[in-house]
Amino acid sequence: MKEKKGNDVKLYNVLFPFWMLMLFPILWIIILPGNFIIDSLVLLILMKALGTENKKGFYKKHIIKIFCFGMLSDMIGAGYMLLMMLGFELGRMGDELYLTGPALVISALLIFVFNYFITFKGSDLKTRRIASLTFAIATAPYTFLVPSSWLYG
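(A) Region of the structure containing the overall build of the protein chain. Summing up its helical and strand segments, the protein chain has six helices and zero strands in all. Relative to its 153 residues, the protein chain shows a buried fraction of 40%. For the protein chain, the proportion of contacts with a sequence separation of at least 24, taken over those separated by at least 6, is 69%. Just so you have it, the protein chain exposes about 9400 Å², and 70% of that area is on carbon and sulfur atoms.

This is the structure:
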């Protein structure tokens, strides 16, 4: 059995799915359209629930911002986890709820804030609140909670 020397930091357990995107860039071809489809489905269901009249115009006006702010929020949450691991050496990413939970909350809050203050800024107050909250809950990066040890053993 080999002994550990010093403070070895292993980056193979950073997080899911962002660590996979760095190791396997081809996955961006799946992740980006997948997130876009999920955002689109949530927006379509939301428009139906809210009784939006000009669905096509509303969709075209908002979907790109929703998608981009969602990806940015996920990356900021992932950045928090990476900072905690590299900067403060707090555990293995994806295996400790005290790291993944706050990252998930940070991302969800940012999704809400970006959508509320930017994406749906021109909408009425009720629509802004409901839409922003819906996206924060429905599209938060729950994959952060998948322990990387499940993939590595």
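(B) Summary view of the side chain of Ser73. Of note, Ser73 is situated in helix H3 (residues 55-88). Judged by its relative accessible area of 0%, Ser73 is buried. A distance of 3.4 Å separates a polar atom in the side chain of Ser73 from the backbone nitrogen of Ile111. Each residue touching Ser73, except ones within four places of it in the same chain, is listed here: Ser107, Leu110, Ile111 and Phe114.

(C) Looking closely at a nonpolar patch on the surface. A cluster of nonpolar side chains, contributed by Leu97, Leu133, Ile137, Tyr142 and Leu145, occupies part of the molecular surface with about 500 Å² of accessible area. Structurally, Leu133 can be placed in helix H5 (residues 125-138). The class for Leu133 is partly exposed, based on a relative accessible area of 46%.

(D) Seen up close, the packing of helix H2 (residues 28-50) against H5. As a packed pair, H2 and H5 sit with axes 11 Å apart at the nearest point and diverge in direction by 145 degrees. Regarding H2 and H5, the two cross each other, and that crossing is right-handed. Contact residues: H2 offers Asp39, Val42, Leu43, Leu46 and Leu50, while H5 offers Thr127, Ile130, Ala131, Thr134, Phe135 and Ala138. Of the residues that constitute the contact of H2 with H5, the class distribution is eight nonpolar, two polar and one charged.

Criteria and thresholds
- Residues numbered from 1 in each chain as written.
- Predicted model: local features only at pLDDT ≥ 70, side-chain atom pairs only at ≥ 80, totals over all residues.
- Heavy atoms only, no water.
- Helix = DSSP H or I, 4+ residues; strand = E, 2+ residues; numbered from the N terminus.
- Buried < 20%, exposed > 50% of the residue type's maximum accessible area, 1.4 Å probe, protein only.
- Contact = heavy atoms within 4.5 Å.
- Areas by Shrake-Rupley, 256 points an atom, 1.4 Å probe, with all protein chains shown as cover.
- Polar contact = N/O pair within 3.5 Å; in protein donor to acceptor, adjacent residues only side chain to side chain.
- Patch = residues over 30% accessible without salt bridge, like charges linked within 9 Å, V, L, I, M, F, W, Y side chains within 5 Å.
- Salt bridge = Lys/Arg side-chain N within 4 Å of Asp/Glu carboxyl O.
- Axes fitted to C-alpha atoms, helices over the stretch in contact; angles between N-to-C directions.
- Left-handed = near helix turned anticlockwise from the far one by under 90°.
- Nonpolar A, V, L, I, M, F, W, Y, C, P; charged D, E, K, R; others polar.

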